[in-house]
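# Structural description and commentary
Letter by letter, the chains look like this.
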2 protein chains.
Amino acid sequence: MGLVLADDVLGRGLQRIQQEVDAAFDAFLPVPQDSRARLVEAMRHAAIGGGKRVRPLLLVTVAEMYGASRVAAVRAGCAVEAIHAYSLVHDDLPCMDDDDLRHGKPTVHKAFDEATAVLAGDSLHALAFELLADNQVSPDPFIRAELVHALASASGHNGMAGGQMMDMLADSAALDLHTVTRLQQLKTGALLGAAVEMGAILGRVQEEGRGHLRAYARDIGLAFQITDDLLDHEGDEAKAGKALRKDAEQGKATFVSLMGPAKAREQARALSDQAVGHLAGHGQEAELLRALAKFVVERDR
Amino acid sequence: MGLVLADDVLGRGLQRIQQEVDAAFDAFLPVPQDSRARLVEAMRHAAIGGGKRVRPLLLVTVAEMYGASRVAAVRAGCAVEAIHAYSLVHDDLPCMDDDDLRHGKPTVHKAFDEATAVLAGDSLHALAFELLADNQVSPDPFIRAELVHALASASGHNGMAGGQMMDMLADSAALDLHTVTRLQQLKTGALLGAAVEMGAILGRVQEEGRGHLRAYARDIGLAFQITDDLLDHEGDEAKAGKALRKDAEQGKATFVSLMGPAKAREQARALSDQAVGHLAGHGQEAELLRALAKFVVERDR
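The rules behind the values
Residues numbered from 1 in each chain as written. Chains lettered and ligands numbered in written order. Predicted model: local features only at pLDDT ≥ 70, side-chain atom pairs only at ≥ 80, totals over all residues. Helix = DSSP H or I, 4+ residues; strand = E, 2+ residues; numbered from the N terminus. Rg over C-alpha atoms; globule rule 2.2 N^0.38 Å. Buried ≥ 20, exposed ≤ 12 C-beta atoms within 10 Å, placed from the backbone. Contact = placed C-beta atoms within 7 Å. Least-squares fit on C-alpha atoms with pLDDT ≥ 70 in both. Axes fitted to C-alpha atoms, helices over the stretch in contact; angles between N-to-C directions. Parallel < 35°, antiparallel > 145°, perpendicular 65-115°, else oblique. Left-handed = near helix turned anticlockwise from the far one by under 90°. Nonpolar A, V, L, I, M, F, W, Y, C, P; charged D, E, K, R; others polar. Expected span 1.5 Å × (residues − 1). pLDDT = per-residue confidence, 0-100.

Counting its secondary structure elements, chain A contains 15 helices and two strands. Taken over the C-alpha trace, chain A has a radius of gyration of 18 Å; the compact-globule value for 301 residues is 19 Å, and the two agree within 12%. Expressed as lengths along the three principal axes of its C-alpha atoms, the size of chain A is roughly 50 × 50 × 35 Å. Out of the 301 residues belonging to chain A, those deemed buried represent 53%. For chain A, the proportion of contacts with a sequence separation of at least 24, taken over those separated by at least 6, is 73%.

Shown next, in the form of C-alpha cells:
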C-alpha cells in the first residue's frame, strides 16, 4: 500500500508540475512579431513539453513543505528548469555530444540550426535570472538575491558547467570511482542540490535547518546519475527519447563501467533509501520527496 | 584645451578601469587543480586583457557620480563585462561569425576548441549573476536584485541575444534604416544601456531621475554602433585586432551601406553631441561621460 500511495502521490505531483511549468513558459515566451520570432520559437522548442521536471518538483515541494506560495515557487522552478534546458541545448550541439534527439523530438540545432541553438541556450540562461530577480518570485529582495546566488553558483564553472567540462575530458582519462563521483556531483548534483536549496530559501529555512535537505539532495543526485548510467547501459531508446550507449562506445568511465551493473543498481537503491532516511523528522508533508527518491532509481527513462 | 583635458581624463579613466577589471577577473578565476583547469583557462583567455572596458567604465562613472563605492561598482562592472565577453566567445564560434581573431589574440575556440568555447561562454554568463548576487556588490539586497534584473533583461531574447538573432538574419533580408537601428539598439545598445542603468541603481538614483542618463546611453549606443560599422568599412585590421569588412562581403545591411560613410559619420557625431547635451545638468563629475561620448565616435578600434 505504501508504495502504491507513493506512486499515486508522485504521479499526480509530476503531472501537475509538468502542466504548471509548460503553462508558465508559454506565458513567459510570447513569439514576437519581428525576426526574433525564430529565436523565441527555438527557446519554446527547448523549454516546453517533454521534460520530467524533476528539478521544479523538488523546488516546489520543499518550498511548500515550509509554507511558501506555490505560484512563486513554480516561477523559481522555471528558472532552474531554464538552466537545465539551456544546458541540454548546448550539450546536444555537434561540437559537444552531437545528439539528434531529445525528449523524443529533434534537438534544437536539428529543428533550427546551430547558431540559433547557441543563442536559444544563451537566452534561456538569461531568462532564468530575469525570472528570479522579478518581485513576483518573492516580495523580499533578500530572497530574490539568495535565489540568484544559489542558481548562478550551481550552474557555472564551480558547478554544472565545470562538471560538463570534466565529463568531456573523461573519455581520454582513466578515471577512478572517486573522480567520477566528483564529476557527477558537479554535472548533475549541483543543479538538483540548487533546486532543493532554492525551495529552502523560499520557505525561509535557516542555514542550520538545511542540513538534512542538503543530505537528501546529495543522495538522490548521485542515485539519479547512477540510474542514468544504468539506463544508458540497458535502457530502451524509444522510451528514453534520445540516443543511448554512447558512453560505452566512447570508452568513457561511468558508474556502470567501474562498478558493474549489479553493484551500481544496489548502490543506487542504497542511496535512495538513505535519502528517505534523511527525511525522518518530517511527516506526511515530505511524502512527495520520499516518492521522488524511489522514482529516481526506479524510472525507465 | 577642452578636448585635450577630455582626452587626458578619458585616457586615465580607461587605463584605470582596464587594470581594475583585469585584476578583478584574475581574482575571481583562480585555476583549479582538476580537469576544470582547461575551462577556467578559457574563461581567463576571454575575460582578461584586450577589451576596451567601455561598459564597466560607464557603470563605474555613473555609480561614482552618485556617491557609490568604486570597489563595489567595479564588481558590478565585471558582471556586465562577463556578459559582453561571453557574447563575443559565442559570436566568434564557427556556427556564428566564424572569427579567428579577437583583441589581437586567437578566439577561444581557436586557442582551445569549440566545446570548451561554448562552456567557457556559458560559465562567464553564470559568473556575471553570481557576482551581482554577492553582498560585496551591495549590502542592500534590493540593489542586488535590481542589478540582476537590469542585466538579465538586457542580455536575453528581448535584448542582446535578440539583436544578435536579428543580425544573423540580416544578410538575407533587405533591411531598412529603421530596422537596422532597432536591431542595433538590441544587439549593442541594450548592454550599454544596462551599464548606465546599473550605475544609477548602485547610486540609488530614483526612477524619475534616470531619464537623462537613459537618453545619454541610447545616443552613445547608436553612435558606438555607427562607428563600429565605419571602422568595419574603413578601419585597420591590425589596430582592430579582428577581421574587418565581413558585413560588406556578406551583403549585410549596415548604417554605412544604408547611409553612405559621410552621412554615417555625420550622424555618429550628431548623436555624440546630443549625448553630451543630456548631461547639461551635471558639472565636473560628468566630465568622463562627456569624454566617453567623444571617444565612442573618434576611436580607431
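Of the transformation placing chain B onto chain A, the axial shift is 0.0 Å and the rotation is 180°, giving an RMSD of 0.0 Å. Given the turn and translation reported, the copies of this chain are related as if by a two-fold rotation axis. Both copies present the same face, since 100% of the interface residues in chain B are matched by interface residues at the equivalent positions in chain A.

A word on the packing of helix α3 (residues 54-65) of chain B against helix α4 (residues 70-91) of chain B. Residues and elements named next belong to chain B. The contact between α3 and α4 brings their axes to 8 Å, and the two run at 150°. Between α3 and α4, the angle is such that the two are roughly antiparallel. The hand of the α3/α4 crossing is right-handed. Residues Arg-55, Pro-56, Leu-59, Val-60, Ala-63 and Glu-64 of α3 pack against Arg-70, Ala-73, Val-74, Ala-76, Gly-77, Cys-78, Val-80, Glu-81 and His-84 of α4. Within the contact of α3 with α4, the residues separate by chemical class into nine nonpolar, two polar and four charged.

Opposite the 42 residues of chain B that make contact, chain A presents 42 residues. At the level of elements, α2 (37-47), α6 (114-133), α7 (141-155) and α8 (160-168) of chain B are the ones that each hand at least two residues to the side of chain B that touches chain A. Per-element accounting of the side of chain B that touches chain A gives the leading share, 12 residues, to α6(B). Its residues assigned to classes, the side of chain B that touches chain A comprises 23 nonpolar, 11 polar and eight charged.

Let us look at α7(B). In this model α7(B) runs 21 Å from its N-terminal to its C-terminal C-alpha over 15 residues, within 8% of the 21 Å that 1.5 Å per residue would give. With 13 of 15 residues buried, α7(B) is to be regarded as a mostly interior element.

All names here are of chain A. Considering every residue of chain A, the mean pLDDT works out to 92; 97% of them sit at 70 or more. A low-confidence stretch, residues 1-5 stays under pLDDT 50, and its non-local contacts, those more than four residues away or across chains, total zero contacts. Interface confidence for the predicted complex, expressed as ipTM, amounts to 0.94; the pTM equals 0.94.

Turning to the environment of A:Ile143, a few remarks are in order. All names here are of chain A. Relative to the elements of secondary structure, Ile-143 occurs in helix α7 (residues 141-155). When the C-alpha atoms of Ile-143 and Arg-290 are compared, they prove to be 26 Å apart, with 147 residues separating the residues in sequence. Beyond its immediate chain neighbours, meaning those up to four positions away, Ile-143 contacts Ser-138, Ile-201 and Leu-202.

A word on unusual backbone geometry. Residues and elements named next belong to chain A. Despite not being glycine, Arg-53 shows a phi value in the positive range, around 65°. By the element assignment, Arg-53 lies in the loop between α2 (37-47) and α3 (54-65). The phi angle at His-103 is positive, at roughly 55°, despite the residue not being glycine. By the element assignment, His-103 lies in the loop between β1 (101-102) and β2 (105-106).

Moving on: the environment of A:Gln15. Residue and element names in this part refer to chain A. Mapped onto the secondary structure, Gln-15 falls in helix α1 (residues 2-28). Given 11 C-beta atoms within a 10 Å radius, Gln-15 is considered exposed. Taking the C-alpha atoms as reference points, Gln-15 and Arg-53, separated by 38 residues in sequence, lie 9.3 Å from one another.

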